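Single-letter residue listing:
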Amino acid sequence: MGPLARLPDDVFADILRRVPPRGLAACRCVSEAWRAFVDGRRLLRANLLPLSVGGIFINFNNYYISELFSCPASTTAGAGSMISGKHDYLPDPESLSWKQVRDHCNGLVLIRGYGADDIWYVLNPATRWVDSFHSPPPAMGKMDTYEDMYLVYDPAVSPDYDVVSVSRHMHRSDYSCDIDNDIEQSEWPPSVCILQVFSSRTRQWEERSFAREGRAIGTVADMRDWHKQRNAVYWRGALYIHCQTDFVMRISLESDKYHVIEPPTGIEVLNFFPQIYLGKSAKGVYCASINNGRWKVRVWNLVESGATMEWVLKHDKDLLKWLLKNKLQYSRPFKNYGPWTLQDINYYDYDESDEDDNMEALVDEELEWRSQASSDGKSAWSTDDA
Amino acid sequence: MEVDKGKGEAEETRKVAEADRDTVTLKSSDGKLFEVSKEAAARLSTVLAGMIAGGSIDDNGTDLKQIGSEALENVVDYCNKHANSIPSAALISSSISFNTAPFKEPEEWERKFVDRLSHDALFDLVEAANFLGMERLLDVTCHKISEMMKGKSPDQIREVFNIKNDYTKEELEEIRQELAWAFYDD
């Protein structure tokens, strides 16, 4: 029966409660006795996993607070767990400390604090849990880069999170130092990429080096654009960062290597605006492009086998007919879009706080109607209608 | 402990004699004797603290019939090392813990202490720590065993802990499907 059988039940439980959810799921498969033990002691908090989508934060260029596009009916926590897009539970809520979401990962959200002390907040909007950390000390001589922060968090593996800080080159008009031609012509991304990584477990920043696998995409000069931080996704222990000129850096935090993934073929790389958007779904990492002029949507899935990584086209649709058939009308509050609702924080925040409360109440009343709408599926988005 | 200066030599002699009684002698199930500092024993083990306070300590060796000599040697070794270690700012696993009680992470020397043990010795030590009410040692040993499970497949866990698979293939598939999100389809 193995050496573990000698131990008293409480000790065995003490061992298992240190094992992260993914490991506990494996323990249930070990034997009937182990499954009964894990389930009997409720060690696996199955109600919290897998994660479900409760909402999407959207950063609009002309609003300085992120909007929350949310679907209350879909949250596992059930009714009454309305997630607010307002981060007014952060310290100093009157300030703009709750402005824009910089990054997110598996339910945690990263926000930069407002003020001189260079503080960042990590929060869970569903539970209103808040943590904070400070930026790493700036590297000497780095005058021409922004440091973008990316969250790494997988509650199925660990309750801790990491933050990866990645340099992004400024556009020449944004900095005043002399142009060093040697630097401008050096290849990018570099053969060894040095990143700062913060761990919530140690509460320390650590400098880590990652060796490049695959070829460089261009030169430092090619990377200089005005566009702000692009997003990243975290999938099975690797962080995929959407970089300038639409290539993706796949950083494996468990190793000291990173892969360079080139944009899908058929994407016209433009210097100043991203042509693809990164995301993840059932089969891993995806990217999508939307051609605004023609409402053409394309979706690729990243297929990885060993060291080769390739974008495979999954969808290629024209949304124009669908959009014409399902006339979307503009009205406030935003309520005619099925179960999903936009909290419209920027609009209501400029008004009196009373109005603000009205908005929340209205949202609650609508709950039931929305669940119905979602179950008959009429208002669900589907590209098949196109 | 601070040495009280300014007292006579007689005092010093008395201190040496007292130092003898600063230890407790413990006797393993196979009759071997081990000495451990009374202070460390009382601080690290609720059971030994109770015995010391209750006067049930035998100067010729307190019988611990449930603990073998190898495990008892490790217990005593741990107590001595603990007394000599400088406590660092212990890491508390972050507040977004899976469970309500956050764990204090093992210190570097504690990791090394359990890493050198064979599986049998480790399990004997868990039992001894549990029997003696040594919360910290139990923490460190349980942590080590949990590390032996992390990131492993069910097959690998069975192999490490010598457990027989009593599922049929169909049952196993069903149980996997209950938590399909947890398994990478390799």
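Residues numbered from 1 in each chain as written. Chains lettered and ligands numbered in written order. Predicted model: local features only at pLDDT ≥ 70, side-chain atom pairs only at ≥ 80, totals over all residues. Heavy atoms only, no water.

Caption draft 1: Examining the overall build of chain B more closely. Across its full length, chain B holds nine helices and three strands. Here chain B holds 186 residues, and 38% of them are scored as buried. When contacts within chain B are restricted to residue pairs at least 6 apart in sequence, those whose partners lie at least 24 apart make up 59%. (Helix = DSSP H or I, 4+ residues; strand = E, 2+ residues; numbered from the N terminus. Buried < 20%, exposed > 50% of the residue type's maximum accessible area, 1.4 Å probe, protein only. Contact = heavy atoms within 4.5 Å.)

Caption draft 2: Focus on the sheet that holds strand E5 (residues 119–124) of chain A. All names here are of chain A. The strand order across the open sheet built from four strands is E3-E4-E5-E6, with neighbouring strands paired in antiparallel fashion. A strand with exactly one partner marks an edge of an open sheet, and here the two such strands are strand E3 (101–105) and strand E6 (129–134). Each strand axis lies, on average, 25 degrees off the axis of its neighbour in the sheet, ignoring direction. (Pairing = 2+ DSSP bridges. Axes fitted to C-alpha atoms, helices over the stretch in contact; angles between N-to-C directions.)

Caption draft 3: A look at the interface of chain B and chain A. Opposite the 46 residues of chain B that make contact, chain A presents 46 residues. Across the chain B to chain A interface the summed buried area is about 4300 Å²; carbon plus sulfur atoms make up 64%. For the pair chain B and chain A, the number of links is four salt bridges. Salt-bridge contacts for B:Asp124 lead to A:Arg6; the nearest nitrogen and oxygen are separated by 2.5 Å. At the junction of chain B with chain A, the criterion picks out eleven residue pairs in polar contact (both at pLDDT 80 or more). Secondary-structure elements contributing two or more residues to the side of chain B that touches chain A are helix H6 (119–131), helix H7 (135–147), helix H8 (154–161) and helix H9 (169–178) of chain B. When grouped by side-chain class, the residues that make up the side of chain B that touches chain A number 23 nonpolar, ten polar and 13 charged. (Buried area = accessible area lost by both parts, 1.4 Å probe. Salt bridge = Lys/Arg side-chain N within 4 Å of Asp/Glu carboxyl O. Polar contact = N/O pair within 3.5 Å; in protein donor to acceptor, adjacent residues only side chain to side chain. Nonpolar A, V, L, I, M, F, W, Y, C, P; charged D, E, K, R; others polar.)

Caption draft 4: Looking closely at the environment of A:Ala25. With respect to the helices and strands, the residue A:Ala25 is situated in helix H2 (residues 21–28). By relative accessible area, which is 1% here, A:Ala25 ends up buried. The spacing of A:Ala25 and A:Ala156 is 131 residues in sequence and 9.6 Å in space, taken between C-alpha atoms. Here A:Ala25 is in contact with B:Leu179, B:Ala182 and B:Phe183, once residues within four sequence places are set aside.

Caption draft 5: Structural view of the packing of H6(B) against H7(B). Residue and element names in this part refer to chain B. Put simply, H6 and H7 touch, their axes get as near as 9 Å, and they point 150 degrees apart. The element H6 and its partner H7 pack so that their crossing is left-handed. Seen from H6, the contacting residues are Leu122, Phe123, Leu125, Val126, Ala129 and Asn130; seen from H7, they are Leu137, Leu138, Thr141, Lys144 and Ile145. In terms of residue class, the contact of H6 with H7 is made up of eight nonpolar, two polar and one charged. (Left-handed = near helix turned anticlockwise from the far one by under 90°.)

Caption draft 6: A look at the UniProt feature "domain: SKP1 component POZ" (unreviewed entry) in chain B. Cross-referencing UniProt, the feature "domain: SKP1 component POZ" (unreviewed entry) maps to residues 23–84 of chain B in the present numbering. The span residues 23–84 of chain B carries 50% helix and 19% strand; its end-to-end C-alpha distance comes to 15 Å. (UniProt positions renumbered as here; feature names shortened; annotations may be inferred.)

Caption draft 7: Up close: the nonpolar core. By size, the foremost hydrophobic cluster in this structure holds 63 residues, and its most contacted members are A:Leu4, A:Leu16, A:Trp34, B:Ile145, B:Met149 and B:Phe161. No other element matches the seven residues that H6(B) contributes to this core. Every residue in contact with A:Leu16, bar those within four places of it in the chain, is listed here: A:Leu24, A:Cys27, A:Phe37, A:Val38, A:Leu43 and B:Met149. Within the second largest apolar cluster, 36 residues are counted, among which are A:Leu151, A:Tyr153, A:Val166 and A:Leu253. (Core = buried A, V, L, I, M, F, W, Y, C linked by side-chain atoms within 4.5 Å.)

Caption draft 8: Representation of the sheet that holds strand E13 (residues 232–235) of chain A within the structure. Residue and element names in this part refer to chain A. With mixed pairing, eight strands are arranged side by side in an open sheet as E7-E8-E10-E11-E16-E15-E14-E13. Edge positions in the sheet fall to strand E7 (145–153) and E13, since each of these pairs with one other strand and no more. Between one strand axis and the next, the sheet turns by 30 degrees as a mean value, whatever way the strands run. As paired elements, strand E14 (residues 238–242) and strand E15 (residues 248–252) share five bridges and run antiparallel to each other. Paired with Leu239 across the two strands is Ile251, which belongs to E15.

Caption draft 9: Main features of the pairing of strand E20 (residues 308–318) of chain A. All names here are of chain A. Inspection of the sheet shows strand E19 (residues 296–305) paired to E20 by ten bridges, in the antiparallel sense. When the sheet's bridge partners are listed, Val299 is paired in E20 with His315. In this structure, the hairpin formed by E19 and E20 is closed by a connection of two residues, where Gly306 is found at a positive phi of approximately 65 degrees.

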